[in-house]
Amino acid sequence: SMKIVADDKIPFLKGALEPYAEMIYLPGKQIDREILKDADALLIRTRTKCNEKLLEGTKVQFIGTATIGFDHIDTQYCNKSKIFWTNAPGCNSSSVQQYIAAALLKVASDNSFTLKDKTLGIIGVGKVGSKVEKFARTAGMNLLLNDPPRERLEGKKKFQTINTVLSESDIVTIHVPLNLAGVDFTCHLFDDEKFKRVKKGSWLFNTSRGEVIETGALKKVLN
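Keep in mind it's a predicted model, so treat the numbers as computed, not measured.

Novice: In this structure, what is going on with the packing of aromatic side chains? I would like to understand it.
Specialist: For any two aromatic rings, the description comes down to two numbers: the centre-to-centre distance and the angle of the planes. Scanning the entire structure with this criterion turns up three aromatic pairs. Ring centres of F62 and F84 lie 6.0 Å apart, and the angle between their planes is 15°; this geometry places the pair in the stacked category. One end of the pair, F62, is in strand β4 (residues 62-65); the other, F84, is in strand β5 (residues 84-86), and 22 residues separate them in sequence. The partly exposed category is assigned to F62, whose relative accessible area is 28%. Here F70 and W85 contribute two aromatic rings whose centre-to-centre distance is 4.9 Å and whose plane-to-plane angle is 40°, an arrangement assigned as tilted. Taken as a pair, F70 in the loop between β4 and α3 (75-80) and W85 in strand β5 lie far apart in primary sequence, 15 residues in all. By relative accessible area, which is 35% here, F70 ends up partly exposed. The positively charged end of K14 is found above the aromatic ring belonging to Y25, 5.2 Å away from the centroid.

Structure below.
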């Protein structure tokens with residue numbers, strides 16, 4: 001029968017596939033080439049780096065990651081090796097919206113201001129960012145949106161440049177994927193130059209990938 005190796009921290013998975021396959025559950029970092037030698041499929045989170053080092057010489061034909069991001073998968077290698085892969089876009093969007101809503105209310109309460117009429121800048125208005133946008137509108141906040149891929153599709157009407165968003169927002173929240181190449185490159189998107197634009201005394205939330213912010217630049221601006 002089919003053999004599937006899965007990260008043991010993926011919620012609600014145990015029991016779902018047992019009628020169809022032999023299942024092996026392991027912590028993500030313990031999944032290695034030896035265990036995958038005769039595995040047909042792999043179900044992971046971001047802890048498992050799927051590249052040639054892990055997959056070469058195995059029988060794996062399918063990788064599913066229970067995450068929005070997929071920068072832990074070497075997609076070029078998988079495509080070349082005819083390994084089908086898929087991610088789960090939007091899977092945690094409601095959780096992130098709830099976290100941001102709670103964090104905004106906490107910050108407002110602790111610092112004696114109301115969210116109403118504060119300006120929230122949203123960098124990345126996709127599956128997650130659009131839910132945060134909905135909450136912010138309900139809370140009566142002013143909104144500045146930045147999303148270059150959507151702007152190319154929908155026109156400039158509702159979108160601002162990232163520099164405008166950073167200089168005019170009281171609170172900035174980041175919801176972009178980690179893109180390591182291409183026109184929408186986001187690795188170290190927040191560097192020295194971007195932090196110079198951020199309004200003094202504003203708040204910055206990053207619930208996207210850590211690498212979107214250049215740590216040295218962040219430490220410098222905090223100091």
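Further notes follow.
Novice: Is there a simple way to think about the sheet that holds strand β8 (residues 171-174) in this case?
Specialist: Within a sheet, neighbouring strands are paired by backbone hydrogen bonds and run either parallel or antiparallel to one another. Ordered in space as β7-β6-β8-β9, the four strands form an open sheet in which the pairing is parallel. With one partner strand each, in any of the chains shown, β7 (142-146) and β9 (203-206) form the two edges of the open sheet. Averaged over all pairs of adjacent strands, the angle between strand axes in this sheet comes to 15°, irrespective of strand direction. As paired elements, β8 and β9 share four bridges and run parallel to each other.

Novice: I keep staring at the nonpolar core and nothing clicks. Help me out?
Specialist: Inside soluble globular proteins, nonpolar side chains tend to come together where they are buried. L104, L115, L120, I122, M141, I171 and F205 are the most contacted members of the largest nonpolar core, which has 22 residues in total. The set of elements that each furnish at least two residues to this core consists of α4 (93-110), β6 (119-123), α5 (129-138) and β7. Judged by nonpolar contacts, the second largest core, of 17 residues, contains A39, I44, I73 and Y77.

Novice: Would you mind showing me how to read α4 here?
Specialist: Within an α-helix, residues lying three or four positions from one another point in the same direction, as the helix has 3.6 residues per turn. Between its first and last C-alpha atoms α4 spans 26 Å; for 18 residues at 1.5 Å apiece the expected length is 26 Å, and the two agree. Inspection of α4 places S93, V96, I100, A101, A103, L104, V107 and A108 among the buried residues, and these make up the whole buried set. All buried residues of α4 project into a common sector of 170° when viewed along the axis, lining one side. Turned more than 90 degrees away from the buried face of α4, the exposed residues are Q98, K106 and S109.

Parameters at a glance
Residues numbered from 1 in each chain as written. Predicted model: local features only at pLDDT ≥ 70, side-chain atom pairs only at ≥ 80, totals over all residues. Heavy atoms only, no water. Phe/Tyr/Trp six-rings, centres within 6.5 Å; stacked < 30°, edge-to-face > 60°. Helix = DSSP H or I, 4+ residues; strand = E, 2+ residues; numbered from the N terminus. Buried < 20%, exposed > 50% of the residue type's maximum accessible area, 1.4 Å probe, protein only. Lys NZ or Arg CZ within 6 Å of the ring centre and 35° of its normal. Pairing = 2+ DSSP bridges. Axes fitted to C-alpha atoms, helices over the stretch in contact; angles between N-to-C directions. Core = buried A, V, L, I, M, F, W, Y, C linked by side-chain atoms within 4.5 Å. Expected span 1.5 Å × (residues − 1). Arc of directions from axis to C-beta.

So yeah, pure geometry; function would need other evidence.
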